[in-house]
Amino acid sequence: MSVAERISVERGETVGDTVGYKIRLESKGGKNSSIMFCTNGVLLRVLIGRVTNISKRQRAADDVIMGITHIIVDEIHERDRFSDFMLAILRDLLPMYPHLHLVLMSATIDAERFSQYFNGCPVIQVPGHTYPVKTFYLEDVLSILQSVGDNHLNPETNGLGLDSVLTDDYKSSMDEAISIALVSDEFDPLIELISIEQNPEIFNYQHSETGVTPLMVFARKGQLGDVCMLLSFGVDCSARDHDGKSALDWAQQENQVEAYEVIKKHMDCSPAKLPEENELLKKYLATINPEHIDTVLIERLLRKICTDSNEGAILVFLPGWEDINQTRERLLASSFRDSSKFLVLSLHSMIPSSEQKKVFKRAPAGVRKIILSTNIAETAVTIDDVVFVIDSGRMKEKSYDPYNNVSTLHTSWVSRANARQREGRAGRCQPGTCYHLYSRFRAASLPEFQIPEIKRMPIEELCLQVKLLDPNSKIADFLKKTLDPPVTETVKNAITVLQDLGALTQNEQLTDLGEKLGSLPVHPSTSKMLLFGILMNCLDPALTLACAADYRDPFFLPMAPDERKRAAAAKVELASLYGGYSDQLAVVAAFDCWTCAKVNGQEALFCSKYFVASNTMNMLSSMRKQLHSELTQRGFLPADTSACSLNAKVPGIISAVLVAGAYPMVGRLLPPRKNARRAVLETASGAKVRLHPHSSNFNLSFNKSSGNPLMVFDEITRGDGGMYVKNCSVVGSYPLLLLATEIAVAPPDDVSDEDDEGSSGDEAGKSTLGQQKEEIMSSPDNTVSVVVDRWLRFDATALDVAQIYCLRERLASAILFKVKHPQDVLPPALGATMYAIACILSYDGLPGNLATKHGSGQSSTDASGSAEGRKVGFILPGGFLMSLLSEVPPNAPHHQKSSNHPGGGSGHIRSSRAPAGRFNQSQQHPGRNSSGPGSSASQSFKRQRDAAR
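Keep in mind that this is a model prediction, so the values were computed, not measured.

### A look at the overall build of the chain
Right, so step 1: Scanning the chain from terminus to terminus reveals 38 helices and 23 strands.
Right, so step 2: Among the 949 residues that make up the chain, the fraction classed as buried is 53%.
Right, so step 3: By sequence separation, contacts in the chain at least 24 residues apart represent 73% of the contacts at least 6 residues apart.
Right, so step 4: Here the chain displays about 42100 Å² of accessible surface, and carbon together with sulfur accounts for 51% of that area.

### Some thoughts on the pattern of salt bridges
Right, so step 1: The tally for this structure, following the rule as stated, stands at 30 salt bridges.
Right, so step 2: Residue Asp84 is joined to Arg79 by a salt bridge in which the shortest nitrogen-to-oxygen separation is 2.8 Å.
Right, so step 3: A relative accessible area of 2% means that Asp84 is categorised as buried.
Right, so step 4: One network of salt bridges, in which partners are shared, links Arg79, Asp84, Arg113 and Asp484.

### Description of the side chain of Ser373
Right, so step 1: Structurally, Ser373 is set in strand β9 (residues 368–373).
Right, so step 2: Judged by its relative accessible area of 0%, Ser373 is buried.
Right, so step 3: Apart from the residues lying within four places of it in its own chain, the contact partners of Ser373 are Leu315, Val316, Phe317, Leu318, Ile324 and Leu347.

### Points about helix α22 (residues 488–501)
Right, so step 1: The terminal C-alpha atoms of α22, which comprises 14 residues, lie 20 Å apart, in line with the 20 Å expected from a rise of 1.5 Å per residue.
Right, so step 2: If you check which residues of α22 are buried, you get Thr490, Val491, Asn493, Ala494, Ile495, Thr496, Val497, Leu498, Gln499, Asp500 and Leu501.
Right, so step 3: Where α22 terminates, the next one or two residues include Gly502, which has phi positive at roughly 85°.

### Some thoughts on unusual backbone geometry
Right, so step 1: The residue after Tyr663, namely Pro664, is reached through a cis peptide bond having omega 15°.
Right, so step 2: Position of Pro664 relative to the elements: it lies in the loop between α30 (651–662) and β14 (666–670).
Right, so step 3: Not every positive phi belongs to a glycine, and Asn119 is a case in point at roughly 60°.
Right, so step 4: With respect to the helices, strands and loops of the structure, Asn119 is situated in the loop between α4 (111–117) and β6 (133–136).
Right, so step 5: Within the chain, Glu508 stands out as a residue other than glycine whose phi angle is a positive 70°.
Right, so step 6: Structurally, Glu508 can be placed in the loop between α22 and α23 (512–519).

### Here we look at the UniProt feature "repeat: ANK" (unreviewed entry) in the chain
Right, so step 1: In the numbering adopted here, UniProt assigns the feature "repeat: ANK" (unreviewed entry) to residues 210–242.
Right, so step 2: Here residues 210–242 is 55% helix and 0% strand, with 6 Å between the C-alpha atoms at its ends.

### Quick notes on a nonpolar patch on the surface
Right, so step 1: A grouping of Ile72, Val103 and Met105 is seen on the molecular surface, where their side chains present a nonpolar patch of about 250 Å² in accessible area.
Right, so step 2: Inspection of the secondary structure puts Ile72 in strand β4 (residues 70–73).
Right, so step 3: Ile72 gets classed as exposed once you look at its relative accessible area, which sits at 54%.

### Looking at the packing of aromatic side chains
Right, so step 1: Tallied over the entire structure, the rule returns 12 aromatic pairs.
Right, so step 2: With centroids separated by 5.3 Å and ring planes inclined at 85°, the aromatic side chains of Tyr117 and Phe118 adopt a geometry described as edge-to-face.
Right, so step 3: When the ring of Tyr137 is compared with that of Tyr438, the centres are 6.2 Å apart and the planes differ by 65°; the resulting orientation is edge-to-face. Note that Tyr137 is positioned in the loop between β6 and α5 (138–146) and Tyr438 in the loop between β13 (432–436) and α19 (440–445), a separation of 301 residues in sequence. This pair shows no difference in class: Tyr137 is buried, exactly as Tyr438 is.
Right, so step 4: Three or more aromatic residues joined by ring pairs form one cluster here, namely Tyr137, Trp413 and Tyr438.
Right, so step 5: When the ring centre of Tyr117 is taken as origin, the NZ or CZ atom of Arg91, which lies over that ring, is 4.0 Å away.
Right, so step 6: A cation sits over an aromatic face here: Lys245 above Trp250, 3.9 Å from the ring centre.

### Things to note about the sheet that holds strand β23 (residues 792–797)
Right, so step 1: One open sheet holds the 3 strands; their spatial order is β21-β22-β23, and the pairing between them is antiparallel. Each edge of the sheet is formed by a strand with only one pairing partner; in this case those strands are β21 (743–746) and β23. On average, adjacent strands in this sheet sit at an angle of 30° to one another, irrespective of strand direction.
Right, so step 2: Judged from the 4 bridges that link them, β21 and strand β22 (residues 783–788) form a sheet pairing that is antiparallel. Each bridged residue has a counterpart across the sheet, and for Val745 the counterpart in β22 is Val786.
Right, so step 3: Along the sheet, helix α34 (residues 798–820) makes contact with β21, β22 and β23, crossing β23 at roughly 115°.

### Quick word on the packing of helix α7 (residues 188–196) against helix α9 (residues 214–221)
Angle between the axes and distance between the axes: these two values describe a pair of packed helices.
Right, so step 1: Look at α7 against α9: their axes get within 11 Å of each other, and the N-to-C directions meet at 140°. Of the possible angle classes, the one that applies to α7 and α9 is oblique. Once α7 is placed against α9, the crossing between them reads as left-handed. Contact with α7, carried on its side by Leu190, Ile191 and Ile194, involves Pro214, Val217 and Phe218 of α9 and no other residues of that element.

### Regarding the sheet that holds strand β7 (residues 313–317)
Right, so step 1: Taken together, 6 strands build an open sheet; the order of strands is β6-β13-β10-β7-β9-β8 and the sheet is parallel. The open sheet is flanked by β6 and β8 (342–347), the only strands paired with a single partner. Taking each pair of neighbouring strands and ignoring which way they run, the sheet shows an average axis angle of 20°.
Right, so step 2: Pairing analysis gives 4 bridges linking β7 to β9, with the strands arranged parallel. Paired with Leu315 across the strands is Ile371, a residue of β9.
Right, so step 3: Contacting β7, β8, β9, β10 (386–391) and β13, helix α14 (residues 295–308) crosses the sheet at an angle of about 160° to β7.

### What to know about the packing of helix α20 (residues 460–469) against α22
Right, so step 1: Two elements in contact, α20 and α22, have axes whose closest approach is 9 Å; the angle formed by their N-to-C orientations is 75°. Put simply, α20 runs roughly perpendicular to α22. Along the contact surface, α20 presents Glu460, Cys463 and Leu464, while α22 presents Ala494, Val497 and Leu498.
Right, so step 2: Residue composition of the contact of α20 with α22, grouped by class: 5 nonpolar, no polar and 1 charged.

### A closer look at the confidence of the model for the chain
Right, so step 1: Taken residue by residue, the chain gives an average pLDDT of 79. The fraction at 70 or more is 80%.
Right, so step 2: Of the regions scoring below 50 in pLDDT, residues 157–162 engages in 4 contacts with residues more than four places distant in sequence or in other chains.
Right, so step 3: Note on residues 754–761: pLDDT under 50 across the span, and 4 contacts to partners over four residues away in sequence or across chains.

The rules behind each value
- Residues numbered from 1 in each chain as written.
- Predicted model: local features only at pLDDT ≥ 70, side-chain atom pairs only at ≥ 80, totals over all residues.
- Heavy atoms only, no water.
- Helix = DSSP H or I, 4+ residues; strand = E, 2+ residues; numbered from the N terminus.
- Buried < 20%, exposed > 50% of the residue type's maximum accessible area, 1.4 Å probe, protein only.
- Contact = heavy atoms within 4.5 Å.
- Areas by Shrake-Rupley, 256 points an atom, 1.4 Å probe, with all protein chains shown as cover.
- Salt bridge = Lys/Arg side-chain N within 4 Å of Asp/Glu carboxyl O.
- Expected span 1.5 Å × (residues − 1).
- UniProt positions renumbered as here; feature names shortened; annotations may be inferred.
- Patch = residues over 30% accessible without salt bridge, like charges linked within 9 Å, V, L, I, M, F, W, Y side chains within 5 Å.
- Phe/Tyr/Trp six-rings, centres within 6.5 Å; stacked < 30°, edge-to-face > 60°.
- Lys NZ or Arg CZ within 6 Å of the ring centre and 35° of its normal.
- Pairing = 2+ DSSP bridges.
- Axes fitted to C-alpha atoms, helices over the stretch in contact; angles between N-to-C directions.
- Parallel < 35°, antiparallel > 145°, perpendicular 65-115°, else oblique.
- Left-handed = near helix turned anticlockwise from the far one by under 90°.
- Nonpolar A, V, L, I, M, F, W, Y, C, P; charged D, E, K, R; others polar.
- pLDDT = per-residue confidence, 0-100.

This is the structure:
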């Protein structure tokens, strides 16, 4: 977007004319634009759309590819899953389109590998234009900090009385000698200049334009004797040119085997330049865990930089928000808190945009700017006054464990490509200095590139796109054509998710539903949620949830500790507008309130009071419009959509829409262990995962009256502290009963247990037991157990269960009808069923005679009557929020005004989904004991499944 805007300005026009852009749910420009900037995912959909459209028309008369002459893919080294999949498609398409040119670009690309992938395509090397960067490693840093009186940046000021031999004339001569040696293989001028002055400044000299050193020249040309000479002088082997290549890289690239082996052996045998540096490093590593961020070392280094230099911003790369916060607090507790001398800023995706913009402004004269950032500053932004970079060498990396089917977010070491990008931040606009807080030995052992995203992320979207591209192909076979195919287990898990959604049949055939789910620019689960939201007349919340899942939630993290508590309470208060106990519904409420506040001219007040980022809200608003347009174009929405959100303010229906998008991510909150301060969730696989402290529901399990509520969540993440769930919502049983993949019926546990005790080992007794079970299940008024996905058990009458089965079948039929005939009105029978489902869901919780079986033993009257149960995860909305929504007419269906409905009406402040008591044993059976999650009766219905199934 910013690139398109910049180029439009340079061309003297507005964005959208000849230069446009298109991201996932936002676009500007169209058929008249000769240049379109887009994401990899958008281009992928264009390519797949071309194939599916041609297959339907049997001819490419209006083939979109025919209108494209060049496809330029930048930053290809980042290897996201869409780019790898896209390259596999383009490789097959290029022979069919001789006019099409493909250009892959990157400053740190593995050029030879990509060239081989495209059958030996040419490689063009374009010299970089970055400024030289002086590089230090951990052993250097320790030595620098030990030398208190020396200026490590300007050695001539250390009182040694030595003038630099590198005069302007000498530099010009060195530049010329290096260029002649590279072009004409004439080495004598360079050797002569080095021999005259055997000085580190000379033999470590870097060409002023390319950054090439004498060692790189000799390594590239295979001058083994000259290489050995420089090594004997103590040349710096770690130096890199402006393209990020070292002498070792040059030797390897030019296939100079002997030179490569000599340099590598020298580097392996010389982990530190001097014995004292090696000793310092050993002592440091003996006391400090290199896996942790040493904030003390960072503070000392910052102080040294500020002492030895007068100006230049300092950029510090840290893994995540906690490390940024700890470092910031340490600096502000020292002399760096003096705002007249220092300006300490944070750069993180979750802080307010107003704070982020501060990093781009130059500090006042005499004030040193210090920026604490994640890897967002590697490539996404350029801060032109940065002269010094401190690289912790660590980053937060999201991965996927296909064998346990959980996401992982942990701190890992950067790759060499990341390290080069970080170095380059110091030399972007002027010569700079980079301090790597890891040893040379660690630097040599870093992987060249990050693991490609296709091998470390779930790939449901890609698998569905494969079937859209070629319905007859096997997904695993097609993905083998990618540059780095995903793990087999990852593909299997993705296919299982798509089958559970109804997008694929058991033999991997694309269904009508799957074709529609794949046509929308969101995850397949999100697409199904949108369809369900349309059927339930609950479109607006579905759009908000879909866009927030694809982008991010709008809440920012305040810097002050007391404000962080207020921000957490504000989020709970927002969620309470729609029932409370939900991280996701807080986003829905925030968007609705922001929309009203914007109309009333109170946007700034609302965003400040509830810690909402207005720029994120504007982006979500734009994305919602784009997604709304996509649904309209595909016929899912009528021209007048006013009736599509009649139930957009009904908490129970909004909750059901959320379940439709989150399923099968379902869990049950367990009671806390004695003296434990961890909220634990049990998943379908039996795994125990904790709730993240930032979740609005974190304190829920410590409330004795809460029972064991059911929850849906977005994903399970394995972090440095174990497995956890960050965003979750308490839900009732009805949405699960209607939307689950599988439900089964069985006799209640008490009947089964009592009869088992009296007839064990007796064949006649077993026969009698079978007859009793049949009688119990066949009688409409008798109680039976409903088992959802073979692990969640509910009590209900046989008649109620039969009605649930009927509603499930009708709901599936309605979805299928909407898929096949998106513009048609539902038949009367299906329409009546959807209305009935909406009425049931509006009760927003468990029905009167359905309850989850658990082990708390608390009665529902005690729990539901407990005011304490509503203090956790629910805060009565204040007058400001209520005033924002006061002019919005209640859209709840009239059936919600039932005398049986707790609280009656459709008010916005009722705690309609209070977890306390809703998940306990049904009061219709006061004499029964709950089996508990660990009982044998309950576990006999439980299957071992992956956490995401």
